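# A closer look at the structure
What follows is each chain in one-letter form.
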Amino acid sequence: MDSLDLQVLQQARDWRTAGHAVWLVTVIETWGSAPRPPGALLAVCDDAQVVGSVSGGCVEDDLIDRVRRQERVAWPALMTYGVTKEEAARFGLPCGGTLRLVQEPLGDTAWIDDLLQRTARHELVARVLDLDTAAVAIEPAARGEAFTFDGHRLRALFGPRWRMLIIGAGQLSRAVAQMALMLDFEVIVCDPREEYHLSWDVAGTTFSTAMPDDLVTELQLDPHSAVIAVTHDPKLDDLVLLEALKSPAFYIGALGSRGNTARRKERLALFDLSAAEIDRLHGPIGLDLGSRTPAEIAVSIVAEVVAVRNGVLLRQKKDGSAAPLPDTGCTVPAR
């Protein structure tokens with residue numbers, strides 16, 4: 001589920017509440033280089049306003065024109081774009097891509113309220129649309145499930161939102177928080193030190209003055225959560241790590257040199273953490289980008305979080321390694 005799709009549903013609900021007719025469009029199948037995956041959503045209002053995307057801009061204009069021309073479906077209907085190379089070229093679909101869509105009128109919006117409330121509680125749910133009856137249901141879903149469509153029933157997954165807990169409210173935390181917000185993480189910053197929390201003013205974040213270990217317990221970290229400890233104060237960073245490393249959070253990292261990280265792991269081993277739990281710690285935190293400034297370090301941290309979230313192998317250059325130059329076979333020494 002893309003967070004954009006939740007925004008689509010929110011806006012569609014608001015338009016409908018204001019008395020407008022609204023149509024939802026869902027990608028159900030793609031061939032070729034289609035830019036949006038199955039499950040991606042778009043909403044069109046009767047005044048031709050649009051939110052969301054099903055093709056990255058290729059077919060949206062045609063969908064809007066259909067509303068303007070009064071070609072408005074009254075029941076869930078299948079649509080296909082790009083069947084021929086000529087159509088693909090006309091709609092701007094790359095490499096002969098093809099899209100199959102479901103267009104449906106939005107009636108009762110109670111299911112949207114239910115879906116938004118449950119995803120806000122960090123639940124993973126599925127929206128099920130029956131094309132034969134136009135009925136919509138919200139059902140619990142499990143990790144590992146994917147979008148499905150069998151010709152009659154569409155099942156799309158939503159939630160929970162990705163969440164980042166940052167321990168420390170210094171200059172580095174500001175940069176990390178701002179980047180995480182741009183990536184649509186829910187950002188929670190924790191720092192019980194008065195001299196730091198009084199000056200925190202990053203809009204869009206939630207600030208807590210609780211002790212880090214208490215906050216971790218309260219938040220009930222899930223597999224959509226990341227924890228970034230960057231206070232450089234072992235009394236605070238170690239507190240959060242002791243709890244976070246036992247949680248299912250997908251990423252846990254702490255700022256510090258290789259020496260400090262080794263000593264931190266020795267301290268953690270004195271508590272009730274297994275070797276496997278301690279090995280989950282990303283430290284030194286971030287990808288090896290040669291970062292020096294707070295902004296550069298933040299880039300390396302957020303890049304590592306995104307790579308881990310996406311299941312991408314972390315390709316950090318190690319000491320003494322070399323990187324090949326394009327088309328030459330030559331190498332340059334790693335910095």
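Each chain carries its own residue numbering, running from 1 in the written order of its sequence. At least 70 in pLDDT is required for a residue's local features to be given in this predicted model, at least 80 for side-chain atom pairs to be given and counted, and no such filter applies to totals for whole chains, interfaces and linings, which use all residues. Water and hydrogen atoms play no part in the side-chain values, which are based on all heavy atoms of the structure.

## Side note on the packing of aromatic side chains
Note on aromatic pairs: the rings of Phe, Tyr and Trp (six-membered ring only in Trp) are paired at centre separations within 6.5 Å, and the planes decide the class, stacked below 30 degrees, edge-to-face beyond 60, tilted for the rest. Taken as a whole and assessed by the stated rule, the structure comprises two aromatic pairs. On the numbers, 5.2 Å between centres and 80° between planes, the contact of Trp162 with Phe250 is edge-to-face. With Trp162 in the loop between strand 9 (153-158) and strand 10 (163-167) and Phe250 in the loop between helix 8 (234-244) and strand 14 (251-254), the pair connects residues that are 88 residues apart, well separated along the chain. Overall, the relative accessible area of 18% leaves Phe250 in the buried class. In this structure, Arg193 packs its charged tip against the face of Tyr196, placed 3.9 Å from the ring centre. Helix and strand definitions here come from DSSP, where helices need a minimum of 4 consecutive H or I residues and strands a minimum of 2 consecutive E residues; each element is numbered from the N-terminal end. Here's how the labels work: a residue is buried when its accessible area is under 20% of the maximum for its type, exposed when over 50%, partly exposed in between, all with a 1.4 Å probe on protein chains only. The criterion is that NZ of a Lys, or CZ of an Arg, lies within 6 Å of the ring centre and within 35 degrees of the ring normal, and then a charge sits over that ring.

## As for the pairing of strand 7 (residues 136-140)
Two strands make a pair as long as DSSP finds a minimum of two bridges between them. Direction of pairing for strand 6 (residues 125-130) relative to strand 7: antiparallel, over a ladder of five bridges. Directly across from Val125, in strand 7, lies its bridge partner Pro140. Between strand 6 and strand 7, which pair antiparallel one after the other, the connecting turn spans five residues, and Ala134 there sits at a positive phi close to 70°.

## Things to note about the nonpolar core
Generally speaking, a soluble globular protein has its nonpolar side chains buried in company with each other. Take the buried Ala, Val, Leu, Ile, Met, Phe, Trp, Tyr and Cys residues and link them wherever side-chain atoms come within 4.5 Å; each set so joined is a nonpolar core. The biggest cluster of nonpolar side chains holds 26 residues, and the ones touching the most others in it are Leu9, Ala43, Trp111, Leu115, Leu154 and Phe158. For this core, the elements supplying multiple residues, two or more each, are helix 1 (3-17), strand 1 (22-31), strand 2 (41-45), helix 4 (110-120), strand 6 and strand 9. Examining the composition of this core, we find that five residues originate from one element, helix 1, more than from any other. Once you skip the residues sitting within four places of it in the chain, Trp111 turns out to touch Leu9, Leu24, Leu106, Arg127, Val136 and Ile138. Core analysis: the second largest hydrophobic core is formed by 25 residues, Ile166, Ala175, Ala180 and Val202 among them. By the convention used here, residues are in contact when the closest approach between their heavy atoms is within 4.5 Å.

## Remarks on the side chain of Arg163
In this structure, Arg163 sits in strand 10. Here a polar contact means two N or O atoms within 3.5 Å. Within protein one must be a hydrogen donor candidate and the other an acceptor candidate, and residues neighboring in sequence count only if both atoms are side-chain atoms. Within the local environment of Arg163, its side chain forms a polar contact with the backbone oxygen of Leu219, the two atoms lying 3.5 Å apart. Not counting the four nearest positions on each side in its chain, Arg163 is found in contact with His122, Phe185, Glu186, Ile188, Leu219, Gln220, Leu221, Asp222, His224, Ser225 and Ala226.

## Considering the packing of helix 8 against helix 9 (residues 258-268)
With their axes 11 Å apart at the nearest point, helix 8 and helix 9 run at an angle of 55° to one another. Regarding the angle of helix 8 to helix 9, the classification is oblique. Note on packing geometry: the crossing formed by helix 8 with helix 9 is right-handed. Counting all contacts with helix 8, which are made through Pro234, Asp237, Asp238, Leu241 and Leu242, the residues of helix 9 involved are Arg264, Arg267 and Leu268. Whenever a helix is involved, its axis is fitted only over the stretch in contact; in every case the axis is a line through C-alpha atoms, and angles between N-to-C directions fall within 0 to 180 degrees. Any angle from 65 to 115 degrees is called roughly perpendicular, while one under 35 is roughly parallel, one over 145 is roughly antiparallel, and all others are oblique. When the near helix sits turned anticlockwise from the far one by under a right angle, the crossing is termed left-handed; a clockwise turn instead gives a right-handed crossing.

## With respect to unusual backbone geometry
Looking along the chain, the bond that leaves Gly159 and enters Pro160 is cis, with omega of -15°. Looking at the element boundaries, Pro160 is found in the loop between strand 9 and strand 10. A positive phi is found at Ala134, a non-glycine position, where the angle reads about 70°. Turning to its location among the elements, Ala134 is positioned in the loop between strand 6 and strand 7. Unlike most non-glycine residues, His232 shows phi in positive territory, near 70°.

## Some details on the sheet that holds strand 12 (residues 206-208)
One open sheet holds the five strands; their spatial order is 12-11-10-13-14, and the pairing between them is parallel. If you trace the sheet from one side to the other, it starts and ends with strand 12 and strand 14, each paired once. Averaged over neighbouring strand pairs, the angle between their axes works out to 15° when direction is ignored. Bridging between strand 11 (residues 186-190) and strand 12 involves three bridges; their strand directions are parallel. Looking at the pairing, Cys190 lines up with Ser208 of strand 12.

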